[in-house]
Amino acid sequence: MAESNFIDYVKIYCRSGKGGKGSPHMHRAKYQPKGGPDGGNGGRGGHVILRGNRNYWTLLHLRYDRHIHAEHGGNGGKEKRTGRQGADAYIEVPCGTVVYNAETGQYICDVTEHGQEVILLRGGRGGLGNINFATATNQAPRYAQPGEPMQEMTVILELKLLADVGLVGFPNAGKSTLVSALSSAKPKIGNYPFTTLEPSLGIVPYRDSRSFVIADIPGIIEGASEGKGLGLRFLRHIERNSLLLFMVPGDTDDIKREYEILLNELTTFNPELLDKGRVLAITKCDLLDQELMDMLRDTLPDGVPIVWISAVSGMGLQELKDVLWQEMNSESNKIAAIQQTETLVHHDKDFSQLRIEMADENEDDDFDWADDEAEDIDDIEDYEDFDYIDDEDANA
């Protein structure tokens with residue numbers, strides 16, 4: 001089976017650059033026999049930096065580039081020359097990427113905006129040259145400071161799609177058909193369960209050249225929050241949507257019960273999903289007549305806007321867009337979205353659950369470190385004897 005292009009979970013190894021050594025050089029010139037120390041400072045090692053990029057929507061580009069190395073800082077030279085600063089290594093990620101420590105499951109950071117930069121690993125500071133240690137009583141120090149060592153970490157990058165509206169429904173509820181009818185997206189459509197195996201995004205045009213983004217999530221079944229079906233793998237994408245559109249076919253035996261099952265799976269997975277706005281769409285209404293729809297109205301759940309639609313015939317689609325736009329831009333939904341953003345808490349992952357996730361995503365394989373450059377430990381015994389200062393202070 002061909003590998004999917006939608007990659008929302010990847011494990012990579014990151015290593016910052018080590019700081020360059022300070023120089024212990026002594027100035028020598030025939031006209032100045034005792035020139036004294038003139039060794040420069042070492043350069044800072046490169047950082048490893050995460051940067052949000054709206055031009056990416058999966059982590060596919062990192063699946064085949066799993067070793068991220070920043071450049072080491074250059075060593076200091078004679079005549080007070082400072083070593084070259086190591087180049088930073090940038091990791092471009094889609095907006096909505098959450099980062100965890102792959103060894104402990106600890107939450108590290110969350111990249112949600114285009115251009116947002118987060119320093120994942122700091123490069124080692126450069127060592128001071130011997131000119132910094134010259135004093136009135138020690139005018140010719142013949143030692144210098146070693147650079148700080150590099151940092152390294154294996155991290156898990158987990159993508160949670162950013163969309164205005166997320167579709168929630170059982171398999172064959174008509175989610176992919178609706179996305180294809182509302183937008184230019186072309187998800188796979190078929191008359192069998194779990195036709196959609198990966199999430200997809202569609203841009204829905206609205207009145208006055210406005211638009212919003214809708215996310216098609218693979219079908220959820222009862223028990224998805226416990227790992228059944230495909231739901232557990234993709235439920236995390238619903239956490240990022242500001243509004244949830246529940247979809248239940250009109251020919252279902254009990255519409256209210258199916259809605260409550262879907263709602264229970266979401267709240268079991270993450271209780272904070274209850275705070276999101278909700279709309280219920282009764283799909284496949286081209287199979288129902290007006291009399292039957294009137295009979296079903298009394299059995300529908302309360303407290304949620306309801307729209308009768310048919311993606312095939314186009315029935316109710318404009319009304320649905322109006323309701324979605326109104327709910328997204330309602331004052332209560334805006335306040336809730338702001339509160340969710342301000343109080344968004346990413347919990348550390350349980351280690352056993354982390355191992356299960358990595359096994360499910362084929363990310364539990366060991367890395368081959370044979371090509372990694374070994375750390376230079378010359379003069380490492382002097383490392384703890386010095387207080388490091390920033391390059392800016394050293395060059396002042």
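Reading guide: rules and limits
Residues numbered from 1 in each chain as written. Predicted model: local features only at pLDDT ≥ 70, side-chain atom pairs only at ≥ 80, totals over all residues. Heavy atoms only, no water. Helix = DSSP H or I, 4+ residues; strand = E, 2+ residues; numbered from the N terminus. Buried < 20%, exposed > 50% of the residue type's maximum accessible area, 1.4 Å probe, protein only. Contact = heavy atoms within 4.5 Å. Areas by Shrake-Rupley, 256 points an atom, 1.4 Å probe, with all protein chains shown as cover. Salt bridge = Lys/Arg side-chain N within 4 Å of Asp/Glu carboxyl O. Phe/Tyr/Trp six-rings, centres within 6.5 Å; stacked < 30°, edge-to-face > 60°. Patch = residues over 30% accessible without salt bridge, like charges linked within 9 Å, V, L, I, M, F, W, Y side chains within 5 Å. Lys, Arg positive; Asp, Glu negative; His and termini not counted. Charge placed at Lys NZ, Arg CZ, Asp CG, Glu CD. Pairing = 2+ DSSP bridges. Axes fitted to C-alpha atoms, helices over the stretch in contact; angles between N-to-C directions. pLDDT = per-residue confidence, 0-100. Parallel < 35°, antiparallel > 145°, perpendicular 65-115°, else oblique. Nonpolar A, V, L, I, M, F, W, Y, C, P; charged D, E, K, R; others polar. Arc of directions from axis to C-beta. Core = buried A, V, L, I, M, F, W, Y, C linked by side-chain atoms within 4.5 Å.

On to the overall build of the chain, then. When helices and strands are tallied, the chain shows nine helices and 14 strands. In the chain, buried positions account for 51% of the 396 residues. Summarising the internal contacts of the chain: among those between residues at least 6 apart in sequence, 75% fall at separations of at least 24. Summed over all atoms, the accessible surface of the chain reaches about 20,000 Å², with 47% contributed by carbon and sulfur.

Bringing the pattern of salt bridges into the picture now. Tallying each qualifying case throughout the model produces nine salt bridges. Residue Arg-44 pairs with Asp-88 through a salt bridge whose shortest N-O separation is 3.5 Å. Placement of the pair is Arg-44 in the loop between strand S1 (9–15) and strand S2 (48–52) and Asp-88 in the loop between strand S3 (67–69) and strand S4 (89–93), with a sequence separation of 44 residues. A salt bridge links Glu-79 to Arg-81; its shortest N-O distance comes to 3.2 Å. With a relative accessible area of 47%, Glu-79 lands in the partly exposed category. Assessed through its relative accessible area of 47%, Arg-81 is described here as partly exposed.

Moving on, we come to the packing of aromatic side chains. Under the definition given, this model contains five aromatic pairs. Each ring, one from Phe-212 and one from Trp-325, has its centre 6.2 Å from the other, and the planes form 45 degrees; the classification is tilted. Of this pair, Phe-212 sits in strand S11 (residues 211–216) while Trp-325 sits in helix H6 (residues 317–328), and the two are 113 residues apart along the sequence. For the pair Phe-212 and Trp-325, a shared accessibility class is recorded, and that class is buried.

Attention now moves to a negative patch on the surface. Side chains of Asp-251, Asp-253, Asp-254 and Glu-260 sit close together on the surface and give a patch of like negative charge. Along the chain, Glu-260 falls in helix H4 (residues 255–269).

Time to look at the sheet that holds S2. Ordered by their spatial adjacency, three strands build an open sheet running S4-S2-S7, and the pairing between neighbours is mixed. The open sheet has two edge strands with one neighbour each: S4 and strand S7 (117–121). Averaged over all pairs of adjacent strands, the angle between their axes in this sheet comes to 30 degrees, without regard to strand direction. Looking at chain direction, S2 and S4 are connected through five bridges and run parallel. The partner of Val-48 across the bridge, within S4, is Ala-89.

What you see with strand S10 (residues 200–205) is a clean split: Ser-200, Gly-202 and Val-204 sit on the buried side and Leu-201, Ile-203 and Pro-205 on the side with no burial. Direction of pairing for S10 relative to S11: antiparallel, over a ladder of six bridges. When the sheet's bridge partners are listed, Ile-203 is paired in S11 with Val-213. The antiparallel hairpin formed by S10 and S11 contains five residues in its connecting segment, where Asp-208 sits at a positive phi of about 55 degrees.

As a further point, take the environment of Leu-50. You can see Leu-50 is positioned in strand S2. Accessibility expressed as a relative area gives 0% for Leu-50, which makes it buried. Here the alpha-carbon distance between Leu-50 and Tyr-90, two residues 40 residues apart in the chain, equals 5.8 Å.

When pLDDT is averaged across the chain, the result is 78; 73% of the residues are at 70 or more. Low pLDDT, under 50, characterises residues 369–385; the predicted model gives this stretch 27 contacts beyond four residues in sequence or across chains. Note that pLDDT drops below 50 for residues 391–396; the model gives that stretch 10 contacts with residues more than four away or on any other chain.

Here helix H2 (residues 175–182) crosses H6 at 90 degrees, and the two axes come no closer than 12 Å. The orientation of H2 with respect to H6, classified from their angle, is roughly perpendicular. On H6, the residues that touch Leu-178, Ala-181 and Leu-182 of H2 are Leu-317, Leu-320 and Lys-321. Looking at the contact of H2 with H6 residue by residue, the class counts come to five nonpolar, no polar and one charged.

On to the sheet that holds strand S5 (residues 97–101), then. A sheet is described by the order of its strands in space; here five strands give the open sequence S3-S1-S8-S5-S6, paired in mixed fashion. Looking at strand neighbours, the two that pair on one side only are S3 and strand S6 (107–111), the edges of this open sheet. Pairwise comparison of adjacent strand axes, ignoring direction, gives a mean angle of 25 degrees for this sheet. Pairing between S5 and S6: four bridges, direction antiparallel. Along S6, the bridge assignment pairs Tyr-100 with Tyr-107.

Quick look at H2 now. Every buried residue of H2 is listed here: Lys-175, Ser-176, Leu-178, Val-179 and Leu-182. Buried residues of H2, seen end-on, are gathered within an arc of 160 degrees and therefore sit on one face of the element. In the core, the buried residues of H2 are packed alongside strand S9 (165–169), S10, S11, strand S12 (243–249) and H6.

Moving on to the nonpolar core. Val-168, Ile-238, Phe-246, Leu-266, Leu-280, Ile-282 and Trp-308 are the most contacted members of the largest nonpolar core, which totals 25 residues. Secondary-structure elements contributing two or more residues to this core are S12, H4, strand S13 (277–283) and helix H5 (290–296). Among the elements that take part in this core, H4 stands out by supplying six residues, more than any other. Every residue in contact with Phe-246, bar those within four places of it in the chain, is listed here: Val-168, Tyr-259, Leu-262, Leu-263, Leu-266, Arg-278, Val-279, Leu-280 and Ala-281. Membership of the second largest hydrophobic core comes to 24 residues, among which are Leu-167, Val-179, Leu-317 and Val-323.

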